[in-house]
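The chain contents come next:
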Amino acid sequence: MSISNITVYMPSVLTLVGIPGLESVQCWIGIPFCAIYLIAMIGNSLLLIIIKSEHSLHEPLYIFLGMLGATDIALASSIMPKMLGIFWFNVPEIYFDSCLLQMWFIHTFQVIESGILVAMALDRYVAICYPLRHASIFTHQLVIQIGTMVVLRAAILVAPCLVLIKCRFQFYHTTVISHSYCEHMAIVKLAAANVQVNKIYGLFVAFTVAGFDLTFITLSYIQIFITVFRLPQKEARFKAFNTCIAHICVFLQFYLLAFFSFFTHRFGSHIPPYIHILFSSIYLLVPPFLNPLVYGAKTTQIRIHVVKMFCS
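Residues numbered from 1 in each chain as written. Predicted model: local features only at pLDDT ≥ 70, side-chain atom pairs only at ≥ 80, totals over all residues. Heavy atoms only, no water.

Per an unreviewed UniProt entry, the protein chain is named Olfactory receptor, and its organism is Pan troglodytes. In its Sequence similarities (unreviewed entry) section, UniProt records this for the protein chain: "Belongs to the G-protein coupled receptor 1 family." Of the protein chain, the UniProt comment under Function (unreviewed entry) reads exactly: "Odorant receptor." (UniProt positions renumbered as here; feature names shortened; annotations may be inferred.)

Here it is, written out as structure tokens:
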């Protein structure tokens, strides 16, 4: 049998299933997803408005927080409109190139978010361990340089995933993606070719980013807590510890959900597909939803300005 009889040559359109096994209730699943998305958009937009309008918040920590908010908005917006189109309006088709673009956006913004979390950990490390030198070290020029490096790292690391799919694969077993959005491995599994190179590069990017970033963040906070517990005043210890709690909550929810989604996609063959797809979708929506709530509740300056804004 020839390859043309069992495969599709360079499909122009792909079909996203949504959540396999839950197609009959997807319209109801879309309601909480939409609510989470709207809250994420409102919360992060409010955060950006406050940080931009208040001159006292033009400090490295809040600039990084603004970058995190902008990344969260872009990440959630890159998947949610299409997902709701599948859930509510039964529009599962997506152009092949649009699917690749969505994949690149999703993974690029994920890597950017991880890089911003590293930058925030570095800022807290310098602020707590070397408070007198913080202003001279973390200048606005350094913040811009860090932000640029974070974005470039993400774009450069994720771009080969797109190129490898576009240039290596011409024949596909199917045009149906059993997912609610265009994820790297979900697209690679469609190919009727040797996908080992794509899998290895995907693992390389995941472990390079998560391995370096998580190690750096962990070491930074170990040093921070050593310094905090050495502070003589109990009030100073409490203040420094309280400042770090919000960051630790954000780090934990981002990386725990990321690792769960990553490992279940590759090694969780015994896990029902709908559970994996649900958690993968939640993983991309929960950080944008929780980040403004966590920082709004735990950061005094932002909380004060939010109250002022609504009172006025």
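Let's pick the thread back up.
S.K.: Can you lay out the overall build of the protein chain for me, pointing to particular residues and giving the numbers?
M.R.: Within the protein chain one finds 11 helices and five strands. Relative to a compact globule of 312 residues, whose C-alpha radius of gyration would be 20 Å, the protein chain shows 21 Å and is just as compact. Buried positions account for 47% of the 312 residues belonging to the protein chain. For the protein chain, the proportion of contacts with a sequence separation of at least 24, taken over those separated by at least 6, is 81%. As displayed, the protein chain has an accessible area near 15400 Å², and 71% of this comes from carbon and sulfur atoms. When the 17 basic and 11 acidic side-chain charges of the protein chain are each reduced to a single mean position, those positions are 8 Å apart. (Helix = DSSP H or I, 4+ residues; strand = E, 2+ residues; numbered from the N terminus. Rg over C-alpha atoms; globule rule 2.2 N^0.38 Å. Buried < 20%, exposed > 50% of the residue type's maximum accessible area, 1.4 Å probe, protein only. Contact = heavy atoms within 4.5 Å. Areas by Shrake-Rupley, 256 points an atom, 1.4 Å probe, with all protein chains shown as cover. Lys, Arg positive; Asp, Glu negative; His and termini not counted. Charge placed at Lys NZ, Arg CZ, Asp CG, Glu CD.)

S.K.: If you had to explain the pattern of salt bridges to someone new, which residues and values would you point to?
M.R.: Applying the stated criterion across every chain, the model contains three salt bridges. With its nearest N and O atoms 2.6 Å apart, the salt bridge here joins Lys166 to Asp97. Here the residue Lys166 occupies a position in helix H6 (residues 140-168), and Asp97 occupies one in helix H4 (residues 96-129), the gap between them amounting to 69 residues. For Asp97, a relative accessible area of 48% puts it in the partly exposed group. Where Arg124 meets Asp123, a salt bridge forms, and the shortest distance between an N and an O atom there is 2.8 Å. When sorted by exposure, Arg124 lands in the same class as Asp123, which is buried. (Salt bridge = Lys/Arg side-chain N within 4 Å of Asp/Glu carboxyl O.)

S.K.: Tell me about the UniProt feature "transmembrane region" (unreviewed entry) in the protein chain, and name the residues and values.
M.R.: In the UniProt entry, the feature "transmembrane region" (unreviewed entry) is given for residues 28-49, 61-80, 100-122, 142-165, 200-228, 240-262 and 274-295. Secondary structure content for residues 100-122 is 100% helix and 0% strand, while the C-alpha to C-alpha distance between its ends is 33 Å. Each end of residues 200-228 is marked by a C-alpha atom, and these two atoms are 41 Å apart; helix forms 100% of the span and strand 0%.

S.K.: Got a sec to walk through empty space enclosed by the protein? Specific residues and values, please.
M.R.: Going through the model one piece at a time under the given rule, you end up with one cavity of 30 Å³ or more. Here the largest cavity is characterised by a volume of approximately 580 Å³. Forming the boundary of the largest cavity are 31 residues, of which His107, Gln110, Ala206, Phe262 and Tyr283 lie nearest the centre. Only H4, H6, helix H8 (196-229), helix H9 (234-267) and helix H10 (273-298) provide two or more residues apiece to the lining of the largest cavity. For the lining of the largest cavity, the class distribution of residues is 19 nonpolar, 10 polar and two charged. (1 Å grid on protein atoms, 1.4 Å probe; cavity = no way out; pocket = protein on both sides within 12 Å on 5 of 7 lines; lining within 4 Å. Points joined across faces, edges and corners; volume = space filled by probe spheres on them. Nonpolar A, V, L, I, M, F, W, Y, C, P; charged D, E, K, R; others polar.)

S.K.: Run through the sheet that holds strand E2 (residues 13-16), naming residues and quoting values.
M.R.: Spatially, three strands are ordered E3-E2-E5 in an open sheet, and the strand pairing comes out mixed. Looking at strand neighbours, the two that pair on one side only are strand E3 (93-95) and strand E5 (176-177), the edges of this open sheet. In this structure, E2 lies alongside E5, joined through two bridges in parallel fashion. Following the sheet pairing, Thr15 is matched in E5 by Val176. (Pairing = 2+ DSSP bridges.)

S.K.: Would you mind going over the packing of helix H2 (residues 26-53) against H10 in detail, with residue names and values included?
M.R.: Where H2 meets H10, the axes come as close as 7 Å, and the angle between the chain directions of the two elements is 30 degrees. The orientation of H2 relative to H10 falls into the category roughly parallel. In this structure, H2 crosses over H10, and the sense of that crossing is left-handed. Contacts between H2 and H10 involve Ile29, Phe33, Ile36, Ile39, Ala40, Gly43, Asn44 and Leu47 from the former and Leu278, Ser281, Ile282, Leu285, Pro288, Phe289 and Pro292 from the latter. (Axes fitted to C-alpha atoms, helices over the stretch in contact; angles between N-to-C directions. Parallel < 35°, antiparallel > 145°, perpendicular 65-115°, else oblique. Left-handed = near helix turned anticlockwise from the far one by under 90°.)

S.K.: Describe the state of the cysteines, with residues and values.
M.R.: Using the criterion set out here, one finds one disulfide in the structure. Two residues, Cys99 and Cys182, share a disulfide whose sulfurs are 1.9 Å apart. For the disulfide bridge between Cys99 and Cys182, the dihedral angle about the S-S bond is near -115 degrees, and by the sign convention the bridge is left-handed. One end of the pair, Cys99, is in helix H4; the other, Cys182, is in the loop between E5 and helix H7 (184-188), with 83 residues separating them in the sequence. (Disulfide = S-S within 2.5 Å.)

S.K.: Outline helix H3 (residues 60-89), supporting the account with residue identities and numerical values.
M.R.: The first and last C-alpha atoms of H3 sit 43 Å apart over 30 residues, in line with the 44 Å expected at 1.5 Å per residue. Of all the bends in H3, the greatest reaches close to 30 degrees and is centred on Ser77; the proline Pro81 follows between one and four positions later. In terms of burial, H3 is a largely internal element, 22 of the 30 residues being buried. Remark: Asn90 follows H3 within two positions and exhibits a positive phi of approximately 55 degrees. (Expected span 1.5 Å × (residues − 1). Bend = angle between axes of the 7 residues up to and from the residue.)

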